[in-house]
Amino acid sequence: MSLFEVKNLRKNFGGLAVTNDVSLSLAPGDRLALIGPNGAGKTTFVNLVTGHLKPDGGSITLAGEDITGVKAMQRVQRGLVRSFQVTRLFADMTPQEHVALAILQRDGKSTRMFGRHDAMRQVVEEVGDILNLLGLSELAHLKVREIAYGQQRLLEIALAMALRPKVLLLDEPAAGVPQAETARIERALDMLPPDLAVLMIEHDMDLVFRFAKRVMVLAAGTVIFDGSPQDVTQDVAVREAYLGSYANAGSAA
Amino acid sequence: MTVLMNSTLPTRRRSLGTLIGIAVIIAASVIGYFLFPNNLALLTRIVATMLLVLSIDLVTGYCGVATLGHAALFGAGAYGAGIVSAHFGITEPLTMTLIGAVAGALAGLVSGLVILRAHGLPQLVLSIAVVHLFHEVANKASSWTGGSDGLSGITTDALLGLFEFDLWGRTAYVYGIVLLLIVFVLLRILVQSPFGMLARGVREDPVRVAAMGASVHSVMLRMYVISGAVAGIGGALNAISTQVVGLDSLSFTLSAEALVMLVLGGTGSLYGAMVGTVSFMWFEDVVSAANPFHWLTIVGALLIVVVLFAPKGLYGSAAAFLSRRRGGGK
């Protein structure tokens, strides 16, 4: 059964169809990668799905509920969580505070005006578990601006985990991370709960091929491919639109 | 597990910070009382202004809202407390203070609903518009407020039925210090609470806060109301201690000066707000007595020096320096 469903989503900017009848569905545990050349409409699609843009047509359903008209913030509360292409963290706060805030928000306790998060045993334990899982324990009390970018990317994943979403939208989780460190991001992604449905937007094709069970290719706002990672490099339309030399290299290998 | 064990450290440090803060406020108050026994009215005015600056810190320092109209909240508290005494015969000081807090909170709600609709420069302009509107309403409603002549006829009973508000201003000063201590402790609890952490998140990156599923607007509005209550207490203290409320208590000038005091001390820290107020008002008093013609120039020069060489403010820069020293020592 589908957990998350996008049907015939459309968005025009000044007569230009930036998102043109895009449909997709995710079941619990799905790992879907959405790829496409620059200008394909990926960012617009993310903004439509997360509620930051209003679609001109189509519908979005989460766990059986139509959320097309639901505000962005309420979509998060219903379990649709996103990470950012460029990290959006609180520079003067520690990883511990970040994860604690996400947990408190998830549990509806973030507006409590008394008590301290680091005196709440359950919160502290869960924060410890998540940071430990992602290898960030040593940095728990450093300010985010003092930690490396790759570690900040891991913290973005930690926040997503702490919110316990039903559907997670990962917007280029390895963007800006040195090649040598992408393995850590990959390991972190492997630790995401198995029943979580993940939609990943990514440029790094190695990461896509290792992570995704299914790949969709977007070009000029339209889905031109929906299938397995193995088949995507063989598809003629995709080669023309996007992969180019990478596909050739892949088939040669 | 490392996190679990280490987490008690910041908790203890923060509890110690609150205790040190209380001790410093009490010590400074006692020193002030004995050092300037004939100037207690000025010291009480500093305490009242400190409450206003603390209240600006809540929205500006903790939530990142730019405002040049915060005296509207202070003035609302002052007029609230003054009007119930002068027109309705409610002269019990604790009740007057409570009414001041409620009036300030209501003014905070109204201001917040208007100001928080914009961001950045338009927000700043809206805040100026709000304080001018409040000022004009108080000016026109002269039958209630006394208009440009100021609201007089404010009387107060003895505090707790025991301590008369004397001519030397001793009772008013002690009452002000007690109010400051109560507000300080409550604000320490607030800024360290999950809500305080959420507010800091709003200041640093509202988009990230929204992506966690929290309402940025709701956080800022709540903080505005709380900030209004704090400023209102300051206004009520001013009305009780001086027994008069003038239009200057909700002026743009007071708003701007209070913001300057906050920047001078350092934003985003309760200590910064208090240090900034004392430094500014003390400096202003000393310099204006020493050189009545050029004192504003000297105050301006001090501000330029602080902003250029200690952009985090007096307290903020000192705290950062000590933190670096501590870090370097490890």
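Summarised in this report is the structure supplied together with it. Bear in mind the structure is a predicted one, so any value in this text is a computation, not a measurement.

**Some details on the interface of chain B and chain A**
Here comes step 1: On the side of chain A, 37 residues touch chain B, which itself brings 28 residues to the contact.
Here comes step 2: It is helix α9 (residues 194-204) of chain B that provides the largest number of residues to the side of chain B that touches chain A, a total of seven residues.
Here comes step 3: Partitioning the side of chain B that touches chain A into residue classes produces 15 nonpolar, nine polar and four charged.

**Remarks on the environment of M197(B)**
Here comes step 1: Its place among the elements puts M197(B) in helix α9.
Here comes step 2: In the structure, M197(B) is positioned 135 residues away from Y62(B) in sequence and 8.8 Å away in space, judged by C-alpha atoms.

**Some points on the nonpolar core**
Here comes step 1: Formed by 168 residues in total, the largest nonpolar core has its most connected members in V99(A), A158(A), V167(A), L51(B), L54(B) and M223(B).
Here comes step 2: Here this core gets 14 residues from one element, more than from any other, and that element is helix α11 (residues 216-242) of chain B.
Here comes step 3: Ignoring sequence-local partners within four residues, the contact set of M223(B) consists of L58(B), V59(B), Y62(B), C63(B) and A199(B).

**Focus: the packing of helix α4 (residues 71-88) of chain B against helix α5 (residues 93-115) of chain B**
Residues and elements named next belong to chain B.
Here comes step 1: Packing of α4 against α5 leaves a shortest axis separation of 7 Å and a crossing angle of 140°. It follows from the interaxial angle that α4 and α5 lie oblique. In this structure, α4 meets α5 at a crossing whose hand is right-handed. Touching A72, L73, A76, G77, A78, Y79, G80, A81, V84 and S85 of α4 are M96, T97, I99, G100, A101, V102, A103, G104, L106, A107, G108 and S111, all from α5.
Here comes step 2: For the contact of α4 with α5, the class distribution of residues is 14 nonpolar, eight polar and no charged.

**Focus: the sheet that holds strand β5 (residues 65-66) of chain A**
Here comes step 1: What the four strands build is an open sheet, ordered β2-β1-β4-β5 (chain A); its pairing is antiparallel. Strands with a single pairing partner mark the edges of an open sheet, and in this sheet they are β2 (16-26) and β5 of chain A.

**Some thoughts on the packing of α4(B) against α11(B)**
All names here are of chain B.
Here comes step 1: Relative to each other, α4 and α11 sit at 50°, their axes nearing to 6 Å. Taken as axis vectors, α4 and α11 run oblique relative to one another. Once α4 is placed against α11, the crossing between them reads as right-handed. Each of L73, F74, G75, A76, G77, A78, G80, A81 and G82 in α4 lies in contact with α11, whose residues at this interface are S227, G228, A231, G232, I233, G234, G235, A236, N238, A239 and I240.
Here comes step 2: Split by residue class, the contact of α4 with α11 holds ten nonpolar, ten polar and no charged.

**Side note on unusual backbone geometry**
All names here are of chain A.
Here comes step 1: At N8, a position not held by glycine, the phi torsion is positive, near 45°.
Here comes step 2: Examined against the element boundaries, N8 turns out to sit in strand β1 (residues 4-13).
Here comes step 3: Exposure remark for N8: the 13 C-beta atoms within 10 Å place this residue in the partly exposed category.
Here comes step 4: A positive phi is found at D21, a non-glycine position, where the angle reads about 55°.

**Overview of the pairing of strand β4 (residues 57-62) of chain A**
Residue and element names in this part refer to chain A.
Here comes step 1: Where β1 meets β4, five bridges bridge the pair, whose relative direction is antiparallel. For R10, the partnering residue across the bridge sits in β4 and is G57.
Here comes step 2: In terms of strand pairing, β4 meets β5 through two bridges, oriented antiparallel. Along β5, the bridge assignment pairs L62 with E65.

**Concerning the sheet that holds strand β6 (residues 80-82) of chain A**
Residue and element names in this part refer to chain A.
Here comes step 1: Strand order in the open sheet formed by six strands is β6-β7-β8-β3-β9-β10, with mixed pairing between adjacent strands. The open sheet has two edge strands, β6 and β10 (222-227), and neither has a second partner. Averaged over all adjacent pairs, the angle separating strand axes in this sheet is 20°, with direction ignored.
Here comes step 2: Inspection of the sheet shows β6 paired to strand β7 (residues 167-171) by three bridges, in the parallel sense. Residue R82 lies in a different strand from β7, and its bridge partner there is L169.
Here comes step 3: Its contacts with the sheet put helix α1 (residues 42-50) on β3 (31-35), β6, β7, β8 (197-201) and β9 (214-219), and the angle it makes with β7 is roughly 150°.

**Notes on helix α5 (residues 149-162) of chain A**
Along an α-helix, residues three or four apart share an orientation, since each turn contains 3.6 residues.
Residues and elements named next belong to chain A.
Here comes step 1: Here α5 spans 20 Å end to end across 14 residues, near enough to the 20 Å set by a 1.5 Å rise per residue.
Here comes step 2: Burial analysis of α5 places twelve of its 14 residues in the buried class, which makes it a mostly covered element.
Here comes step 3: Of the residues making up α5, those classed as buried are Q151, Q152, R153, L154, L155, E156, I157, A158, L159, A160, M161 and A162.
Here comes step 4: One or two positions beyond α5, positive phi appears at R164, with a value near 45°.

Rules and cut-offs
Residues numbered from 1 in each chain as written. Chains lettered and ligands numbered in written order. Predicted model: local features only at pLDDT ≥ 70, side-chain atom pairs only at ≥ 80, totals over all residues. Contact = placed C-beta atoms within 7 Å. Helix = DSSP H or I, 4+ residues; strand = E, 2+ residues; numbered from the N terminus. Nonpolar A, V, L, I, M, F, W, Y, C, P; charged D, E, K, R; others polar. Core = buried A, V, L, I, M, F, W, Y, C linked by C-beta atoms within 7 Å. Buried ≥ 20, exposed ≤ 12 C-beta atoms within 10 Å, placed from the backbone. Axes fitted to C-alpha atoms, helices over the stretch in contact; angles between N-to-C directions. Parallel < 35°, antiparallel > 145°, perpendicular 65-115°, else oblique. Left-handed = near helix turned anticlockwise from the far one by under 90°. Pairing = 2+ DSSP bridges. Expected span 1.5 Å × (residues − 1).

None of this, on its own, says anything about what the molecule does.
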